[in-house]
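# Structural overview for review
Each chain, letter by letter, is given below.
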Amino acid sequence: MSTSAARDLAAILPEIIVTLTAIAVLVIDTLLERPRAKPWLALITVAGLLLALVSGPITTASGTYFSGFVLVDTFTTFFRAVFIILAVLGTLVAPEYLARRRVPPGEYYATLCFSTLGAMTIALSNDLITLFVGLELMTIPIYVLAGMQRHDRYSNEAALKYFLLGAFSSALLLFGFVWVYGVTGATEFAKIGPAIAKTGLSSGPTLIALALVTVGLGFKAAVVPFHQWTPDAYDGAPTPATAFMSVAPKAAAFAAILRIFDGALTPLAVDWSLVLALLAAITMTAGNVVALAQANVKRMLAYSSIAHTGYILAAVAAYRAGAPSAAAVLFYVLAYGVMNLGAFACLLYLDVEGTRGATLDELDGLAKRRPGGALAFAIFLISLTGIPPTVGFVAKVFVIQPVLDAGLVWLAVILALNAVLAAFYYLRVVVHLYMYDPREGLPRLVPAPLLSLALGLSAFLVVVVGVLPDGVYAWALQAAAPLVFR
Amino acid sequence: MIDHILTLLVVIPLLGLVPLFVFMRSAAAVRQVAVVTTGVELLLSLYMLTRFRVGEAGFQLRESAAWLPSLGIRYELAVDGLSVLLVAMTTLLTFLAVLYSTKTITHRVGEYMASFLLLEVGMVGVFLAIDLFLFYVFFELMLVPMYLIIGIWGGSPRKLYATLKFVLFTLAGSLLMLVWIIAVYLASGEPGARTLTLPALLAVRDRFSADFQFWVFLAFGLAFAIKMPMFPFHTWLPDAHVEAPTAGSIILAGVLLKAGGYGFLRFALPLFPWGTQAWLPVLIVLSVIAILYGAVVSAVQRDLKKLVAYSSVAHMGFVTLGIFVLNAQGGVGAVLQMLNHGIVTGALFLFVGIQYEKTHKRLIADLGGLANRWPLYTAFFGVFVFASLGLPGLNGFVGEFLVLLGAFRFNPPTGPGGLTWGPLAAIGVILAAVYLLWMFQRVMFGVVREAYRSLPDLSPLEVACAAPLLVLTVVMGVFPQPFIAIIEPSVQRIVALATDPALALFK
C-alpha cells in the first residue's frame, strides 16, 4: 500500500471503525443463540462507537484526502463527535423496546451505525459528490429503521412516506448539484465559490441551482413548507428510531447546509441569507402553531422539531455575523440532539403492550409512577422550551446573538415570541407529568435500565452544559472557524 | 470570618437538595432538611448584613469570576444598599414559608421542599447578580419551581390554568427582554470587549443611543412590569394567588413581585436614562392607575385571598410611582415599600392561609365574628392590616409617606407634575383604609358562626411564623432611620445616574 493511501485511510479511521462495528454487530448477532443475551449487542455497538469517537483526535490531521474529495478539519471533528454521541444515545435507549416489540436488535444497531456513517461522511465531504453519497448513506438506513416494525401499519406508513418524499428531495438536490456543476464546472466546494462569484445571481442557471439546492436541503432538514413528511414519519416509526431520526439527520442536514451555503455559496450570501431568514421565521412559527394543537405527544414533538429547525436556520441566515453564526448552529444542533432524543426516548417508558404510549393522558402522574423518568422528561422539556439553567436556553442565546448582530432584529423577536408559544405546549406535558394523578387501569411500567442510564446521562449533560456552556461553545467556535469566509 | 458569603448564599439551598434527595422517602426528614437549610441561609444573610458597611453607595462583598470567557460574560455577585435588605427579606420569608409548610403540606413533601430550595436559589440570585446575563438566569430560575408549587400543591382544579397563565405571562416578557439583553451586549463594545456586567456597562452607557434605549427600555420594562405586576399586566396575579398554597402566596407576593421593581432600579434606570425619560409619562400614569384601580377592585372582592392579591397591585403601584418620580425620596420610599409589602403582605397571606386551614372558607361572606374566638389571631392580623393600610407607627406608613413625598416633588419638564399625581396617589391611601378596614370588620367582628366556635386560636408554630414579621413591622415603623440609612446612598446614586445633568435631559 502506498503511503498516500495509508494516509487517506488513517484520515477516515473513525468512519472505518463505525463500519467495522456495524459488521461486527451483524456477525455477533447470528452467533448469539439466546434472546436474553441480545442486550449485549447494544453495549458492543456503544463500545465500537466510543472507540470511533476517541480514534478521531488521535489519528487524524487536518487536510484534504482522497484527491480532494475528503476534508478533515475542526468542523469535521465536531460533527463526528455529535453524530457518535447521538448514535450512542440512540443505541442505549433502544434495547428494552426492541425486545418488547420483537424487532431484530442486531439489524437495528447495524442500520443505525450505517446511518451514522453516512452522517459522518457528510461532515468530511469537500465535494458535492461526497456530500451526496453521505446524505444517501445516512437516509436510506433511516427509511429502514422507520419501517423496522414490520407488522405495525404505522411503522409501514412512516417508512413509505419518508422514503417517497426522501427520494423526491434527493432527486431535487441532485438536480440542483448538477446545475451547480453546469454553472461552475466544479464539484469541489473550494472551486465552486470563485466560479459562482463571477456569474452572480443575475444568471438564470445560478438561480435555478440555488433554488433546487435550497429546496432539497430544506426537505432533509424539515424546513416549512417542505416538512409534510415529518409528523407522520416521526409518529409512525418505532419510538427509538424516532428519537434518533429526529436529531441525527437534522444535524447532518445542517452540516450539509453549512458546508454548501457558508462554504461553497458564500458569494451569494447576501441573497440566500434573506431567503433563509424568511424560511426560518415561517418554519418556527408554523411548527409551533401546529404543535399547539396536538394531543399526541409524539406528534407534538415532531412538529416542535420543525420549530427547532427554524431556530437553527435563523442562525444560518445570520451569516453576516461571521463565526458566531456557524458556531450557534453547531451548538444548537448538539444541544437539540441530546434534549430532543431524550424527550422522545422518555416516551419509551410508557410504550408497553397494548398502548402506543404517546397521548397526554397516558403521561398522567408519571412523576409518581417513575419519578426519575419524569424528572428527566421535565428537564428535557424545560430545555426545549429554553428556560435556564439548561442547554436549550444557552443554545437560544447563542442563536439570538448572531441574529441580532446581523441586523435581523425582527427575526430575533419572532424567535422569542415563538419560544413563548412553545412554552405553552411543552409545559402542558409537565402538567400531565406532575400535576395529574395516574389514571386507573394503566399497564404496569417495566424496568428499563439501559434507557434510564441513557436518559440520566442526557439530562445530566443538559443541565451541566446549561450551567457551564463555555467549553462546548469554545469548541463550536473553533469548529466554525474553517467554515466561514473561505 | 466567612469568605464568599454571596456565593454561599446561592449555593447553600443547592447543597440542601443533596440530603433532601437522599431522604426523599421520609417526609419528616425532608422537612427537617428544608428547615435547617433555609435556617442556615437566613443566618448567613444576617451575617452578611453585619459585614455590610452602611453609608456606602457602591457594591460591596463583590465576587467575580469568568463564566463564559468566549463571550466575556462573567459570574458577578455583589450587594449594595438597594439589594442587601431585599436579600435578607427573601431568606427570612423563605424560612418562614418553609416552616409554616411543615405543618400544612402533607403530600409529595420531598418535591415541595425541593421546589422551595430551588426557588430560593433563584430569588437570592436575582438580588445578588450584577451581570445582566446572570440576573436573567436567576430571574428565569424562579419560574419553574413556582410553576410546580402552584400547579401541584395549589387549591382548586383551576390551579392548572392559573399556573400556566403565570408562566406564560412571565415568559412572554422575559424572553423579549432576553433579546434586548443580547442587543445591549452587542452594543456594549467591539467583539472581544463586550460585556454585560453592570459597572462595565455603566462605563459605556454613552454608546446606547436614545433610539436604542427607547426599545431596550420597552423590552425591559415589559418584563419587569409583568413581574411586578403593573396595570394592565396584572391579570395573572389574582389567579396565581388564589390558587397558590399559602407558602407559595407568601413567596410570590413577598419576593417574586419585587424582582420587577428591583430590575427597574438596578438595571433599567441607571443604564438607560434616555429610555427612562421616554417612557416616564406612561409609567407614572400606569402607576397611579394601579394604585386607584387596585384599591377599587380590592374593595369589591368577595374572596379574601383575591382581596389581598389586588391590594398588592395597588401597593406595587406605589413602588413604581416611587421609582419613576426619579428623586431620592421616591426611590427610598419605593425600596422601603418593597420591603414592607414583602413583610406585611406575606403576613396577610399567611393569616388568610391560617384562617382557611381552620375554617375551609375564603369568601368574606362566609366568615365573621372570628374575633370572639381567636384573640391572638385578631391581634396579629389587625396589626398587619393596619400596617398594610399605612397607619403611622407601622412600617407601611413610612414607605408610602416617602413615595408620596417624592410624588409631590415630581417636576417633569412637560406634562402634569407632582401636584397632579401626588393627590391622586394619596386617594389610594384612603381607599386602602376603606377596603382593608371593611374587610377586617366583616371577617373578624359580628356574630360568630356556630361552626367556628370550637376552632382553636393560633398554634405555637403559627405564632413562631408570624412573630418575626410582627416585630419587623413595628420596628421598621418606629425606627425606620437605620433602614433608610442603608438604602439611601445607593438609591441616590441610581437616581443621579438616571437624571445625570450631563445628559441634558432636564433643562
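Residues numbered from 1 in each chain as written. Chains lettered and ligands numbered in written order. Predicted model: local features only at pLDDT ≥ 70, side-chain atom pairs only at ≥ 80, totals over all residues. Heavy atoms only, no water.

## Some points on the packing of aromatic side chains
Residue and element names in this part refer to chain A. With the rule as written, the count across this model stands at 52 aromatic pairs over all chains. A centroid spacing of 3.8 Å and a plane angle of 15° characterise the contact between Phe398 and Tyr473, whose relative ring orientation is stacked. Pair noted here: Phe398 is in helix α20 (residues 391–405) and Tyr473 is in helix α23 (residues 470–480), with a separation of 75 residues, a long-range link. The pair formed by Phe398 and Tyr473 is uniform in burial state, with each residue classed as buried. (Phe/Tyr/Trp six-rings, centres within 6.5 Å; stacked < 30°, edge-to-face > 60°. Helix = DSSP H or I, 4+ residues; strand = E, 2+ residues; numbered from the N terminus. Buried < 20%, exposed > 50% of the residue type's maximum accessible area, 1.4 Å probe, protein only.)

## Some remarks on the interface of chain B and chain A
Counting from both sides, the interface comprises 34 residues of chain B and, opposite them, 38 residues of chain A. Taken together, the two surfaces of chain B and chain A that pack against each other cover about 3,100 Å², and 82% of this comes from carbon and sulfur. Asp405(A) is paired through a salt bridge with Arg194(B); the nearest N and O atoms lie 3.9 Å apart. Taken together, the connections running from chain B to chain A amount to 4 residue pairs in polar contact (both at pLDDT 80 or more). Looking at the side of chain B that touches chain A, the elements that each hand over two or more residues are β1 (60–68), α5 (132–141), α6 (143–153) and α7 (159–187) of chain B. Top contributing element to the side of chain B that touches chain A by residue count: α7(B), with 16 residues. For the side of chain B that touches chain A, the class distribution of residues is 27 nonpolar, 3 polar and 4 charged. (Contact = heavy atoms within 4.5 Å. Buried area = accessible area lost by both parts, 1.4 Å probe. Salt bridge = Lys/Arg side-chain N within 4 Å of Asp/Glu carboxyl O. Polar contact = N/O pair within 3.5 Å; in protein donor to acceptor, adjacent residues only side chain to side chain. Nonpolar A, V, L, I, M, F, W, Y, C, P; charged D, E, K, R; others polar.)

## A short note on the pairing of β1(B)
Residues and elements named next belong to chain B. Summarising the sheet, β1 and strand β2 (residues 73–79) pair through 6 bridges and their orientation is antiparallel. Following the sheet pairing, Ala66 is matched in β2 by Arg74. The turn linking β1 back onto β2 is made up of 4 residues, and Gly72 within it adopts a positive phi angle of 75°. (Pairing = 2+ DSSP bridges.)

## Remarks on helix α9 (residues 210–227) of chain B
The end-to-end C-alpha separation of α9(B) is 25 Å, in line with the 26 Å expected for 18 residues at 1.5 Å each. What α9(B) keeps buried is the set Phe212(B), Gln213(B), Val216(B), Phe217(B), Ala219(B), Phe220(B), Gly221(B), Ala223(B), Phe224(B), Ala225(B), Ile226(B) and Lys227(B). (Expected span 1.5 Å × (residues − 1).)

## Re the confidence of the model for chain B
Residue and element names in this part refer to chain B. With 98% of its residues at a pLDDT of 70 or more, chain B shows a mean pLDDT of 89. The spread of mean pLDDT over the elements of chain B runs between helix α15 (residues 370–373), the lowest at 80, and α5, the highest at 93. Here the complex is predicted with pTM 0.92, and the ipTM for its interfaces comes to 0.90. (pLDDT = per-residue confidence, 0-100.)

## A word on the packing of helix α2 (residues 27–51) of chain B against helix α4 (residues 109–128) of chain B
All names here are of chain B. It is the contact of α2 with α4, at a shortest axis distance of 9 Å, that shows an interaxial angle of 15°. Classed by the angle they form, the pair α2 and α4 counts as roughly parallel. Taken as a pair, α2 and α4 cross one another with a handedness that is left-handed. Contacts from Ala27, Val30, Arg31, Ala34, Thr37, Thr38 and Glu41 in α2 reach Val109, Gly110, Met113, Leu117, Glu120 and Val124 in α4. Split by residue class, the contact of α2 with α4 holds 7 nonpolar, 3 polar and 3 charged. (Axes fitted to C-alpha atoms, helices over the stretch in contact; angles between N-to-C directions. Parallel < 35°, antiparallel > 145°, perpendicular 65-115°, else oblique. Left-handed = near helix turned anticlockwise from the far one by under 90°.)

## A short note on unusual backbone geometry
What you tend to see is this: most non-glycine residues have negative phi, and most peptide bonds are trans. Omega for the bond connecting Val224(A) with Pro225(A) falls within 30 degrees of zero, at 10°, which places this linkage in the cis form. You can see Pro225(A) is positioned in the loop between α10 (204–221) and α11 (229–236). A cis amide bond, omega -10°, links Met228(B) with the succeeding residue Pro229(B). Of note in this structure, Arg102(A) is not a glycine but carries a positive phi near 55°. Structurally, Arg102(A) can be placed in the loop between α5 (95–101) and α6 (105–123).

## A few points about a nonpolar patch on the surface
Together, Leu20(A), Ile23(A), Leu26(A), Val27(A) and Leu31(A) make up an exposed nonpolar region whose accessible area comes to about 460 Å². On the basis of relative accessible area, Leu31(A) is assigned to the exposed category, the value being 61%. (Patch = residues over 30% accessible without salt bridge, like charges linked within 9 Å, V, L, I, M, F, W, Y side chains within 5 Å. Areas by Shrake-Rupley, 256 points an atom, 1.4 Å probe, with all protein chains shown as cover.)

## Notes on the environment of Glu243(B)
Mapped onto the elements of the fold, Glu243(B) is located in helix α10 (residues 236–243). For the pair formed by Glu243(B) and Leu9(B), sequence separation is 234 residues and the distance between their alpha carbons is 30 Å.

## Re the side chain of Ser388(B)
Among the secondary structure elements, Ser388(B) is positioned in helix α16 (residues 375–388). Not counting residues up to four positions away in its chain, the partners in contact with Ser388(B) are His315(B), Val344(B), Leu348(B), Glu400(B) and Leu436(B).

## Observations regarding the packing of helix α14 (residues 328–359) of chain B against helix α17 (residues 395–408) of chain B
Residue and element names in this part refer to chain B. Look at α14 against α17: their axes get within 7 Å of each other, and the N-to-C directions meet at 155°. Relative to α17, the element α14 is oriented roughly antiparallel. In this structure, α14 meets α17 at a crossing whose hand is left-handed. Across the interface between the two elements, Gln329, Gly330, Val332, Gly333, Ala334, Leu336, Gln337, Asn340, Ile343 and Val344 of α14 pack against Asn395, Gly396, Val398, Gly399, Glu400, Leu402, Val403, Leu405 and Gly406 of α17. Tallied by class, residues from the contact of α14 with α17 come to 9 nonpolar, 9 polar and 1 charged.

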